[in-house]
2 protein chains.
Amino acid sequence: MTYCVAIALDEGLVFASDSRTNAGADQVSTYSKMHTFEVEGERVFVMLAAGNLATTQAVLNQLKRDMDDSAEESLNSVQYMSEAAAYLGRLNREEQEKHTDALSRAGFTPEASFILGGQIDDGTPEIFMIYPQGNYITTSPHTPFLQIGESKYGKPVLDRIIRPDTSLGDATRCALVSIDSTMHSNVTVGPPIEVLIYEKDSLTFNHYLCLEADDDYLLTLKRAWDENIKKAFRDLPRFEWESVNTRKRRGTQVSAKKKTAKKKR
Amino acid sequence: MTYCVAIALDEGLVFASDSRTNAGADQVSTYSKMHTFEVEGERVFVMLAAGNLATTQAVLNQLKRDMDDSAEESLNSVQYMSEAAAYLGRLNREEQEKHTDALSRAGFTPEASFILGGQIDDGTPEIFMIYPQGNYITTSPHTPFLQIGESKYGKPVLDRIIRPDTSLGDATRCALVSIDSTMHSNVTVGPPIEVLIYEKDSLTFNHYLCLEADDDYLLTLKRAWDENIKKAFRDLPRFEWESVNTRKRRGTQVSAKKKTAKKKR
């Protein structure tokens with residue numbers, strides 16, 4: 001499994017991904033799912049990948065070959081981020097078509113999803129999610145982030161914190177907390193966690209972190225988040241029926257609609 | 001969709017469920033998914049239901065009929081909570097078998113899942129999750145809660161807070177926060193939220209809450225949780241690369257492994 005998230009902010013873009021791949025529970029490997037393409041001062045792209053590893057590797061190779069061969073369409077030739085997303089969607093669909101029959105006979109799927117983000121010249125920095133079928137969506141002010149892979153466990157904290165005017169630092173911390181919650185609940189999502197921060201109009205990658213499970217910052221962040229969440233929880237208002245004496249009372253007591261359940265309510 | 005959670009604690013049991021059902025996005029209704037059976041002073045059962053509504057209603061009716069008819073096997077006759085789970089599993093499987101062929105031809109499934117919890121005489125209060133196939137699992141000290149339906153969004157907060165020695169009040173608040181996070185991320189999970197608290201050895205239901213979307217306690221709790229989470233987040237340690245001057249610094253700055261990404265890392 002995989003979990004990748006990308007966030008589009010007024011200040012720039014944040015990308016984060018785990019590094020665990022598995023084919024069954026007994027075949028677990030570590031692969032980076034974050035790939036960068038940069039023509040410094042001109043254009044930058046970050047690609048995050050989820051799904052069939054053979055498909056994502058083949059698509060990555062084709063992206064590189066098209067750049068090296070100065071193909072008619074490549075990450076060097078596209079003029080808009082949406083054009084780059086359409087191009088990646090085409091490569092994704094074409095690569096899957098090569099193997100769909102053989103794989104489906106064996107009960108597998110070649111499907112893969114991607115997030116592609118970046119900036120071309122003085123265009124707006126954008127992120128796109130590319131579906132296995134090759135179509136793609138981008139963000140909106142109300143939905144400034146995109147996720148692929150095991151996305152549900154880590155979504156509530158993003159929903160709560162991320163807004164377009166969130167700072168790059170806050171968004172990076174939120175992405176790490178989101179991935180940490182996911183790793184906690186799904187063992188097929190695992191470290192190292194890679195994070196890439198792109199400041200708008202810099203046209204180069206500003207900060208890259210690769211955090212192993214025992215990374216000092218990651219450990220400090222996890223411990224702080226765990227403590228802070230528990231404190232946040234302790235400070236919630238209590239129910240009327242909770243005895244004030246049986247435990248230290250930290251929150252405010254408020255009234256709740258309450259009835260005693262009788263036989264088959 | 002549905003989200004139900006039950007928690008087994010040293011002090012007793014907590015049950016919580018949403019009330020939204022849907023057959024497609026344009027056919028949304030409100031149904032309670034929490035059903036109680038009580039022979040006061042003798043035995044109490046709580047059943048939470050997820051999945052095909054026709055199946056869950058038919059199973060519920062059969063449970064009631066078996067009690068009323070003093071059937072050979074019923075919630076009145078079983079001697080152990082695990083026996084009650086096996087009985088419910090049988091009813092669930094039998095009910096589904098009646099409709100599997102017709103439904104699968106139409107592209108539907110009769111599958112349903114249940115959580116059954118309670119206490120019989122001086123037995124231990126227990127909770128069980130019953131799968132569509134009729135088999136069932138219970139909790140352990142390391143996994144003191146069970147979920148059915150849309151379970152992923154609300155799991156991280158349960159993982160973080162719930163331990164066997166958590167108080168009934170804390171566990172109830174945690175269940176509400178878990179359901180609130182799920183409602184935020186999935187519109188097919190919706191109010192009213194029902195909560196039932198069972199104190200060990202009381203053999204009657206101690207507290208029942210039915211919280212509508214505009215319930216005072218629920219609104220206060222949601223607001224407090226949102227504020228507390230945001231504060232928990234603001235207090236996290238910052239990255240080295242974040243400018244101390246550009247924003248008020250609230251957390252501790254710690255060192256992070258950092259490298260600048262160069263052309264195709």
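Residues numbered from 1 in each chain as written. Chains lettered and ligands numbered in written order. Predicted model: local features only at pLDDT ≥ 70, side-chain atom pairs only at ≥ 80, totals over all residues. Heavy atoms only, no water.

The name an unreviewed UniProt entry assigns to chain A is Peptidase, from the organism Thioalkalivibrio denitrificans.

(A) Inspection of the interface of chain B and chain A at higher detail. Opposite the 73 residues of chain B that make contact, chain A presents 73 residues. Surface buried jointly by chain B and chain A totals about 7,000 Å² across both partners, of which 59% is contributed by carbon and sulfur atoms. Seen at the junction of chain B and chain A, the total is eight salt bridges. Here A:Glu150 ties to B:Lys152 by a salt bridge, and the two come within 3.0 Å at their closest N and O atoms. Along the contact surface separating chain B from chain A lie 13 residue pairs in polar contact (both at pLDDT 80 or more). Mapped onto the side of chain B that touches chain A, the elements with two or more residues apiece are β5 (34-39), α1 (53-68), α3 (155-161), α4 (168-185), β11 (193-199), β12 (207-211) and α5 (216-234) of chain B. Among the elements that make up the side of chain B that touches chain A, the one with the highest residue count is α4(B) (12 residues). Of the residues belonging to the side of chain B that touches chain A, the class tally is 29 nonpolar, 15 polar and 29 charged. (Contact = heavy atoms within 4.5 Å. Buried area = accessible area lost by both parts, 1.4 Å probe. Salt bridge = Lys/Arg side-chain N within 4 Å of Asp/Glu carboxyl O. Polar contact = N/O pair within 3.5 Å; in protein donor to acceptor, adjacent residues only side chain to side chain. Helix = DSSP H or I, 4+ residues; strand = E, 2+ residues; numbered from the N terminus. Nonpolar A, V, L, I, M, F, W, Y, C, P; charged D, E, K, R; others polar.)

(B) Fine view of the pairing of strand β7 (residues 112-120) of chain A. All names here are of chain A. In terms of burial, β7 is a largely internal element, nine of the nine residues being buried. Side chains of β7 alternate between two faces, with Ala112, Phe114, Leu116, Gly118 and Ile120 and Ser113, Ile115, Gly117 and Gln119 buried alike. Bridge analysis of strand β6 (residues 43-51) against β7 gives nine bridges, and the strand direction is antiparallel. Bridge pairing in β7 places arginine 43 opposite isoleucine 120. The turn linking β7 back onto strand β8 (residues 126-130) is made up of five residues, and aspartate 121 within it adopts a positive phi angle of 50 degrees. (Buried < 20%, exposed > 50% of the residue type's maximum accessible area, 1.4 Å probe, protein only. Pairing = 2+ DSSP bridges.)

(C) Molecular detail of the relation of the copies chain B and chain A. Mapping chain B onto chain A leaves a residual RMSD of 0.0 Å; the transformation is a rotation of 180 degrees accompanied by 0.0 Å of translation along its axis. In symmetry terms, the pair is related by a two-fold rotation axis. Nearest to the rotation axis, the C-alpha of B:Tyr153 is located 2.4 Å from it, this being the minimum over chain B. Looking at the interface residues of chain B, 100% of them are also at the interface in chain A, so both copies use one shared face. (Least-squares fit on C-alpha atoms with pLDDT ≥ 70 in both.)

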